[in-house]
Amino acid sequence: MNSDLFSNPAPVPARSNVPELSVSELSGSIQRSLEESFGRVRVRGEIAGMKLAASGHLYADLKDENASISIICWRSTMQRLKIRPEEGLEVICTGKITTYPKSSRYQLIVDSIELAGAGALLKMLEDRKKKLAAEGLFDPARKIPLPYLPRVIGVVTSPTGAVIRDILHRLDDRFPRHVLVWPVLVQGEGAAEQIAGAIRGFDALPASGKVPRPDLLIVARGGGSLEDLMAFNEEAVVRAAADCSIPLISAVGHETDTTLIDYAADVRAPTPTAAAEMAVPVRAELLAAVMEQTRRLFTGMTRLIDHRRERVQGMAARLGDPQRLLATKTQSLDHALHRLDTAFATNIRERETRVVRLGAALRHPRSLIERESQRLQDRVDRLKNTAPRLISDKAQALRSLRRMLESLSFERVLDRGYVVVRDPADDRPLGESGQIASGQAVSLQFKGNQRRRALID
Amino acid sequence: MAKAQAAIETLNFESALAELEVIVRDLETGKTSLEESISAYERGVALRNHCEQKLREAQAKIEKITVNADGSVSVKPFAEQE
């Protein structure tokens with residue numbers, strides 16, 4: 001480029017052994033020597049004194065402990081760089097050595113810059129992460145929970161390749177959804193800007209516009225080298241993800257790869273497939289869950305009603321059957337009534353018995369009269385029967401006695417010739433001779449009561 | 001009931017399922033009154049129908065965003081082999 005200015009050096013007139021050269025000639029010669037001697041070089045050093053010119057070209061120094069070399073990165077090259085040069089970054093620059101004749105400087109025109117080893121890159125990322133974290137971009141408070149079942153899923157990724165295919169297939173397996181793919185470059189020049197633009201583009205969609213606004217975003221890229229994934233470490237992308245009001249899942253590279261967007265994302269998925277799994281539940285499982293809930297709903301309700309029915313029945317049982325309660329009472333009453341009846345009957349019977357007994361004892365006067373009449377009649381009869389016999393008996397006895405008396409009578413003795421001497425005064429028998437004084441008259445009784453008087457000498 | 005149905009229509013799947021789970025738990029613990037249980041059960045059935053309706057809506061539709069010259073975006077069917 002600059003060398004074009006010196007491509008036609010003027011002839012040099014010889015004045016001494018040492019040829020005389022114009023400044024331009026010398027500069028051009030040096031330039032050629034340098035360019036031919038070194039050609040393309042790879043130089044490792046630390047970026048210092050970085051200046052991004054208004055033209056878009058980058059001017060900086062590449063230095064180590066003892067030396068420093070100017071480097072220039074043209075604007076067109078800058079856009080292709082895998083990494084964004086930063087102050088203090090240890091890099092390996094590939095480019096051509098050339099000179100800047102106007103100020104006697106040599107410089108390295110950079111074609112590409114790579115980080116000098118993973119450690120350096122990680123340090124850069126770590127520094128950037130700290131800076132963004134300090135701004136609060138990774139705060140847990142900023143995280144938005146993912147919708148359980150998004151209606152529209154926005155995917156920011158390359159429209160070609162395995163990543164979008166994996167995501168779509170996995171979504172289809174789990175729960176087919178409306179997917180909007182925002183195609184972007186995922187590495188190289190302009191990738192970061194496109195990714196950030198897609199995130200902000202989705203976020204800017206109106207809620208009820210022609211293009212449905214996603215309720216979930218997936219920002220995805222397949223696996224690659226640290227440098228391949230660098231777009232997802234860019235501040236623009238990280239900020240877009242952090243600012244996004246739609247829940248965002250980052251799925252960049254493989255499980256072991258972590259990019260800064262992962263910290264700003266609401267959820268980090270280890271792989272694009274995993275992002276699809278996080279994005280939607282499994283429809284079949286949800287159907288099963290709804291069925292299970294339905295079953296439990298039914299069972300619960302049935303059990304609840306059964307439980308209450310049991311309680312009602314239990315209480316009813318404890319309440320007792322009024323019939324039975326009544327029956328018991330009725331039985332008691334019956335028993336009491338029976339006893340009452342029995343007692344009454346017994347009582348009556350006892351009284352009846354007593355009345356009967358007493359009644360029996362109480363004779364009717366007629367019967368009494370009858371009885372007494374009977375007795376009287378009996379007596380009369382007996383008397384009637386007895387009297388004649390008694391009279392005859394007595395008469396018989398009397399006759400016997402009379403005969404006995406007659407036989408014993410003194411008259412019988414008189415019949416046999418004896419005399420009874422009697423006192424004529426009183427007719428008193430005189431049995432003793434002493435009772436008769438001499439010269440006394442006595443009455444003599446003879447047989448057949450013939451009387452005669454006689455004087456005793 | 002009509003009011004509750006209308007409210008269910010606005011629920012997303014997760015909320016509907018979560019509410020269904022709450023209703024199921026309440027019914028299973030049996031702490032609610034019989035009247036509450038019956039209305040809860042009715043709501044549970046409505047939630048179930050809503051959930052199933054949401055699950056029936058599973059239809060894949062893949063579109064690609066195109067940014068127009070004026071910066072507006074539009075969509076067209078996504079074809080994988082681009």
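Residues numbered from 1 in each chain as written. Chains lettered and ligands numbered in written order. Predicted model: local features only at pLDDT ≥ 70, side-chain atom pairs only at ≥ 80, totals over all residues. Heavy atoms only, no water.

**Comments concerning the overall build of chain A**
In plain terms, the rule: Secondary structure elements follow DSSP: runs of H or I no shorter than four residues count as helices, runs of E no shorter than two count as strands, and numbering proceeds from the N terminus. Working definition: with a 1.4 Å probe on protein chains only, accessible area under 20% of the residue-type maximum means buried, over 50% means exposed, and in between means partly exposed. Any pair of residues with heavy atoms lying within 4.5 Å of one another is described as a contacting pair. Per-residue and other accessible areas follow the Shrake-Rupley method at a 1.4 Å probe size, with only the shown protein chains counted as cover for residues.
Within chain A, the secondary structure is distributed over twelve helices and 14 strands. Counting over 457 residues, chain A shows a buried share of 33%. Sequence separation of at least 24 residues holds for 59% of the intrachain contacts in chain A that already meet a minimum separation of 6. Accessible area for chain A stands at about 28,000 Å²; split by element, carbon and sulfur atoms hold 55% of it.

**Some details on helix α3 (residues 34-56) of chain B**
The following threshold applies: Multiplying 1.5 Å by the helix residue count minus one yields the expected span of that helix.
Taking 1.5 Å as the rise per residue, α3 of chain B with 23 residues should run 33 Å; its terminal C-alpha atoms sit 33 Å apart, in good agreement. Along α3 of chain B, the positions that sit buried rather than exposed are S37, A40, R43, G44, A46, L47, H50, C51, K54 and L55 of chain B.

**Here's the deal with unusual backbone geometry**
A negative phi angle is the norm for most residues apart from glycine, just as the trans form is the norm for most peptide bonds. Residue and element names in this part refer to chain A. Of note in this structure, S104 is not a glycine but carries a positive phi near 55°. With respect to the helices and strands, S104 occurs in the loop between β4 (90-100) and β5 (105-115). A residue is classified by how much of its surface remains accessible, and S104, at 70% relative accessible area, is exposed. With a phi close to 55°, N449 is a non-glycine residue in the positive phi region. Checked against the element boundaries, N449 lands in the loop between β13 (441-446) and β14 (450-455). The class for N449 is partly exposed, based on a relative accessible area of 44%.

**Quick word on the sheet that holds strand β11 (residues 420-423) of chain A**
Test applied: Strand pairing is defined by DSSP finding a minimum of two bridges between the two strands.
Here we have four strands laid out as an open sheet, ordered β12-β11-β13-β14 (chain A), and antiparallel in their pairing. At either end of the open sheet lies a strand with only one pairing partner, and these are β12 (428-429) and β14 of chain A.

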